[in-house]
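The primary structure of each chain is shown beneath.
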Amino acid sequence: MDLFGIKAHEEEHRDAHLAIRRLVEQVSQLSIDLGQTRMEVRKLSLKIDGKIDADDVDPAMVGVNQAIADARVKLQEVAVAAEENWNTLSEQLEDAVDDVNDKASSLSEEDG
């Protein structure tokens, strides 16, 4: 029996928690991929240091560099979105708990 709608709220909370967890996992994977790419770029940089001009770099490397920059922007956007979702979820949880407490108090006052 769900008198105060707590089960539905718990399901929403669990779903939101899982969504945030997936976002965190995706951000972590992006961070790992970014680190690997940085290491590869650094290795190449050490190999070619002073040997070629920037204009001679393979266009694919330029594309990789742009992809890394895009990944950084997306990573920042995901972090902001996760924070906003968490704040919204937290506020909704507080409101629901306050409502339950108010209803419980009003019921106990009616009984008393």
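Throughout what follows, the structure given in this document is the object of discussion. This is a predicted model, so every value here is computed, not measured. (Residues numbered from 1 in each chain as written. Predicted model: local features only at pLDDT ≥ 70, side-chain atom pairs only at ≥ 80, totals over all residues. Heavy atoms only, no water.)

## Describing the overall build of the protein chain
Thought 1: Tallying secondary structure elements over the protein chain gives 2 helices and 0 strands in all.
Thought 2: A burial count over the protein chain gives 7% of its 112 residues as buried.
Thought 3: For the protein chain, the exposed area adds up to about 9,100 Å²; of that, 53% sits on carbon and sulfur atoms. (Helix = DSSP H or I, 4+ residues; strand = E, 2+ residues; numbered from the N terminus. Buried < 20%, exposed > 50% of the residue type's maximum accessible area, 1.4 Å probe, protein only. Areas by Shrake-Rupley, 256 points an atom, 1.4 Å probe, with all protein chains shown as cover.)

## Side note on the pattern of salt bridges
Thought 1: Using the criterion set out here, one finds 1 salt bridge in the structure.
Thought 2: A salt bridge links R21 to E25; the nearest nitrogen and oxygen atoms lie 3.4 Å apart. With R21 and E25 both in helix α1 (residues 6-48) and 4 residues apart, this pair spans about one turn of that helix. (Salt bridge = Lys/Arg side-chain N within 4 Å of Asp/Glu carboxyl O.)

## Considerations on the side chain of T37
Thought 1: Structurally, T37 is set in helix α1.
Thought 2: From its side chain, T37 meets the backbone oxygen of D33 in a polar contact 2.9 Å long.
Thought 3: Non-local contacts of T37, meaning those with residues more than four positions away in its chain, are made with V64 and I68. (Polar contact = N/O pair within 3.5 Å; in protein donor to acceptor, adjacent residues only side chain to side chain. Contact = heavy atoms within 4.5 Å.)

## Some words on a negative patch on the surface
Thought 1: A cluster of acidic residues, E91, E94, D95, D98, D99 and D102, forms a negative patch at the surface.
Thought 2: Relative to the elements of secondary structure, D95 occurs in helix α2 (residues 59-111). (Patch = residues over 30% accessible without salt bridge, like charges linked within 9 Å, V, L, I, M, F, W, Y side chains within 5 Å. Lys, Arg positive; Asp, Glu negative; His and termini not counted. Charge placed at Lys NZ, Arg CZ, Asp CG, Glu CD.)

## Side note on α1
Thought 1: Helix length check: α1, at 43 residues, gives a terminal C-alpha distance of 62 Å against a target of 63 Å (1.5 Å per residue), a fit within 8%.
Thought 2: Within α1, burial applies to H9, I20, L34 and T37. (Expected span 1.5 Å × (residues − 1).)

Everything listed is a geometric property; what it means functionally is a separate question.
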